[in-house]
Amino acid sequence: MNELEVRELRYFIAVAEELNFSRAAQRLGMAQPPLSKAIAQVESRLGVRLLERTTRQVRLTDAGQVLLDQARIAVDAVHAAARRARRAGRPTPQLVVAVKPGGDAGLLREILAAYREAGAQLPPPEVVVGGSGEPIAMLRDGRADVALLRSPFDGRGLDAETLVVEPRLAVLPAAHRLAGRRRLRPADLEGEPIPRWKGAAPASTAYYTGVDGADAGDGPSGSAPAVAPEGPLVASVEQLLEVVALGQAVAFLSLSTTELHRRPDIVYRPVTGLSPSAVMVAWPETSRSAAVAAFVRAAHDVADRHADRMTALA
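Residues numbered from 1 in each chain as written. Predicted model: local features only at pLDDT ≥ 70, side-chain atom pairs only at ≥ 80, totals over all residues. Heavy atoms only, no water.

Turning to the packing of helix 1 (residues 6-18) against helix 3 (residues 32-46), a few remarks are in order. A pair of packed helices is captured by two measures, namely the crossing angle of their axes and the spacing between those axes. At their nearest, the axes of helix 1 and helix 3 sit 10 Å apart, and the two run at 110° to each other. When the axes of helix 1 and helix 3 are compared, the pair comes out roughly perpendicular. On helix 3, the residues touching Glu8, Tyr11, Phe12 and Val15 of helix 1 are Leu35, Ala38, Ile39, Val42 and Arg45. Class assignment for the residues of the contact of helix 1 with helix 3 results in seven nonpolar, no polar and two charged. (Axes fitted to C-alpha atoms, helices over the stretch in contact; angles between N-to-C directions. Helix = DSSP H or I, 4+ residues; strand = E, 2+ residues; numbered from the N terminus. Parallel < 35°, antiparallel > 145°, perpendicular 65-115°, else oblique. Contact = heavy atoms within 4.5 Å. Nonpolar A, V, L, I, M, F, W, Y, C, P; charged D, E, K, R; others polar.)

Here we come to the packing of aromatic side chains. Inspection of every chain in the model, using the stated rule, returns three aromatic pairs. Pairing Tyr207 with Tyr208 gives two aromatic rings, centres 5.3 Å apart and planes at 65°, and the pair type is edge-to-face. You can call Tyr207 buried: its relative accessible area is 7%. Above the face of the Trp197 ring, Lys100 is positioned so that its terminal group lies 5.6 Å from the ring centre. (Phe/Tyr/Trp six-rings, centres within 6.5 Å; stacked < 30°, edge-to-face > 60°. Buried < 20%, exposed > 50% of the residue type's maximum accessible area, 1.4 Å probe, protein only. Lys NZ or Arg CZ within 6 Å of the ring centre and 35° of its normal.)

Turning our eyes to something else, we now look at helix 6 (residues 134-141). Of all the positions in helix 6, only Pro135, Ile136, Met138, Leu139 and Asp141 are classed as buried. The inward-facing, buried residues of helix 6 contact helix 4 (62-88), strand 3 (95-99), strand 4 (125-129), strand 5 (146-150), strand 6 (158-166) and strand 12 (277-284). Trailing helix 6 by a residue or two, Gly142 shows a phi angle of about 90°, which is positive.

Another point: the nonpolar core. Counting 27 residues, the largest nonpolar core has Leu95, Ile111, Tyr115, Leu148, Leu163, Val281 and Phe295 as its most contacted members. Elements with a minimum of two residues in this core: strand 3, helix 5 (108-117), strand 5, strand 6, strand 12 and helix 10 (290-313). Top element by residues in this core is helix 10. It accounts for nine residues. Setting aside residues up to four positions removed in sequence, Phe295 forms contacts with Leu95, Val97, Ile111, Leu112, Tyr115, Val146, Leu148 and Val281. In this structure, Tyr11, Ala16, Val42 and Leu50 belong to the second largest nonpolar core, which totals 22 residues. (Core = buried A, V, L, I, M, F, W, Y, C linked by side-chain atoms within 4.5 Å.)

Don't take any of this as a statement about function, it's just geometry.
In C-alpha cells:
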C-alpha cells in the first residue's frame, strides 16, 4: 500500500472538518471535482470507507474519525519539523518559551534565571506570551520549543511534567448572595451560569465549569451535579472577570491568578471538592534539545524551592 501524502491528508482534513465538499474545496482554493476524486482515491488506497455521503449530508465513519485525528497530528508534525529546522539553522539560535498571562504560577522569572545560570553555552531564552490556547498551538506547530501550560490540555505528541498544583477559587460578584460565605461547595453554585472559553474541548469545559472533579454525592439525592448553565463566551481572564463583576456569571480561577487580579467588585472563595490547577512544563516528545532539557531541569529546581517555601510558611 502506498503511503498517504501530506497534500492528501490536508484535503481529507478540510472535508472532514467542513463535512461539505463545496466548502472544503473553497477553503483549499480548488475545484470540487478533483477534491472528490482525491478523497475517493484515499479511500481506495486504504480499503475503507472514510465518509458516508448522502444527498443531504456528509458524515465521518469510525475509520474517518481515526484518520482525522491522526492526520491532524501528522500535518502539524510536518509543519513543526520545517519550522524547527529553519530556526535551528539561524546564526543565533534561541530557546523559545511559550506561556499565557498568569499561566506560570509566578515561577517564570526564577526559571529563566536558573536556566541562564545552567551554562553560557545554552541558547538565550525568548519568551512569547500568547492568549488562551496559543502556547500549546505554538508548541505543536514548531514556533516554540517548550511551554508552561495549565492542565487540562491535549497532550498528544507532547511530554509534560507537573511543576505546581494549586487550589482553584470561586469568583463571585461582590454583591452575590454567597459572597459572605467563607467556604463553598460545588452544590452551592448549581444553577449559576459559568463562562465558556472559546475553543475549549469538552474535557476543558468540564474543568472550567467545575464539574470534572465533583463527587457524585454533591448533587440532589446523590446524583451527579447538574451541568452549569452556559454563561458568556470569554477569551481572557480580564474578560472573564468583567462578566463576573457585571453579575452575568460566576467562575473558577487558580489561587495564583486570583492574587494577580484583586478588584473591589469581585470576591474569591475556596470551594471544597473543586479540582485543582496544575502548572506543567511541556515539550514535543520527539525533542532531543539540550536547551529544552536544561529548561525542564531549571523548572523543576524552581518548583521544588517554591514548594519548600510554601511548606515553611504553612
